[in-house]
Amino acid sequence: MPELPEVETTRRGVEPYAAGQTVQKLVVRNASLRWPVPAALPRLLRGQKIEAVERRAKYLLFRTPTGTVIIHLGMSGSLRVLAADDPPAKHDHIDIVLESGRCLRYNDPRRFGCCLWLPDGESHALLEGLGPEPLGPSFDGALLFRKSRRRKGPVKQFIMDGKIVVGVGNIYANEALYLAGIRPDRAAGRISLARYERLAMHIKQVLTSAIEQGGTTLRDFVGGDGKPGYFAQQLYVYGREGEPCKQCGRMLKKSTLGQRTTVYCVACQR
DNA sequence: CGCTGACCCTGACGGC
DNA sequence: TGCCGTCAGGGTCAGC
């Protein structure tokens, strides 16, 4: 489920229950995620106080005095707050059990996610070289324009490249390009500054509104079925191939770019 | 450096 | 009902 809005919604849902809590223990039922959960993690984490729950790109960061737990939800992961004695279900791979008697439970059917340890003061390859946050002040059209010069690849793959800007997943890349009126397969290096300013604005807008809508279903992260308000978002193109464009009525086209489904309107996007 | 495609894994869904 | 192919919101990595 996780695009950036879902990860941020998860962070906000989990933070009140985790921040300030001491970790009683870590239960690892299945360590084989994208990378193995470090065997030493339970020992390293026990007794540590979670000082803050942060997010960088789509990584959730649990800060403790001696290091940081890095969690990525991959394609199918979720993190929920449950009673520690709640019986685990299928694909419930990890529990971070807290002093409060609750736990943060990581579930991930496809196991594309990860749970890693970053010792205090060290850096991690996964977090190095990442582009700016899309909702931060340093992300704008000028940055996209500057970084795209000489690039021949499609603009959709360009804005989904975490070295350029983080957190723009397939759904919102499709949506932002539609709203900006830009064809997804246009060469990144052949788009004007003015159009990139429009695109950056729509990226910020679509992510912001998705996060706001996620906020309305925050309670789902606590004890519920863990399904955030994903499709509460009004989608213009994603998942609508073959249906009429909401602006001009033409049938939306589907193609594949970088092995990801791409949907667009041939009339409204140029 | 930029770009492409393979790959990691399970589950849902449609066609037959 | 079952089997099979296809597809899925993530990202890394090797190779050219």
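Residues numbered from 1 in each chain as written. Chains lettered and ligands numbered in written order. Predicted model: local features only at pLDDT ≥ 70, side-chain atom pairs only at ≥ 80, totals over all residues. Heavy atoms only, no water.

Domain boundaries in chain A define domain 1 (4–119) and domain 2 (141–264). Placing the centre of domain 1 and that of domain 2 at their C-alpha centroids yields a distance of 28 Å. (Domains from an automatic or database assignment.)

This part covers the protein's contact with DNA strand B. Inspection of the region around DNA strand B gives Lys90, His91, Pro109, Arg110, Arg111, Phe112, Arg151, Lys152, Gly153, Gln157 and Gln259 as its neighbouring residues. At 3.0 Å, a side-chain N or O of Lys90 approaches a phosphate oxygen of DNA strand B. In the environment of DNA strand B, a base nitrogen lies 3.3 Å from a nitrogen or oxygen atom belonging to the side chain of Gln259. Along the lines of polarity and charge, the residues of the surface near DNA strand B split into two nonpolar, four polar and five charged. (Near = heavy atom within 4 Å. Polar contact = N/O pair within 3.5 Å; in protein donor to acceptor, adjacent residues only side chain to side chain. Nonpolar A, V, L, I, M, F, W, Y, C, P; charged D, E, K, R; others polar.)

With that out of the way, let us pick up the pairing of strand 8 (residues 114–119). For strand 8, a buried count of five out of six residues is recorded, marking the element as mostly surrounded by other parts of the structure. Relative to strand 8, strand 4 (residues 67–72) runs antiparallel, the two sharing six bridges. Across the sheet, His72 pairs through a bridge with Cys114, a residue of strand 8. (Buried < 20%, exposed > 50% of the residue type's maximum accessible area, 1.4 Å probe, protein only. Helix = DSSP H or I, 4+ residues; strand = E, 2+ residues; numbered from the N terminus. Pairing = 2+ DSSP bridges.)

What follows concerns the environment of Asp120. Here Asp120 shows up in the loop between strand 8 and helix 3 (141–148). With 56 residues separating them in the primary sequence, Asp120 and Ala176 have C-alpha atoms 37 Å apart. Beyond its immediate chain neighbours, meaning those up to four positions away, Asp120 contacts Pro65, Thr66 and Gly67. (Contact = heavy atoms within 4.5 Å.)

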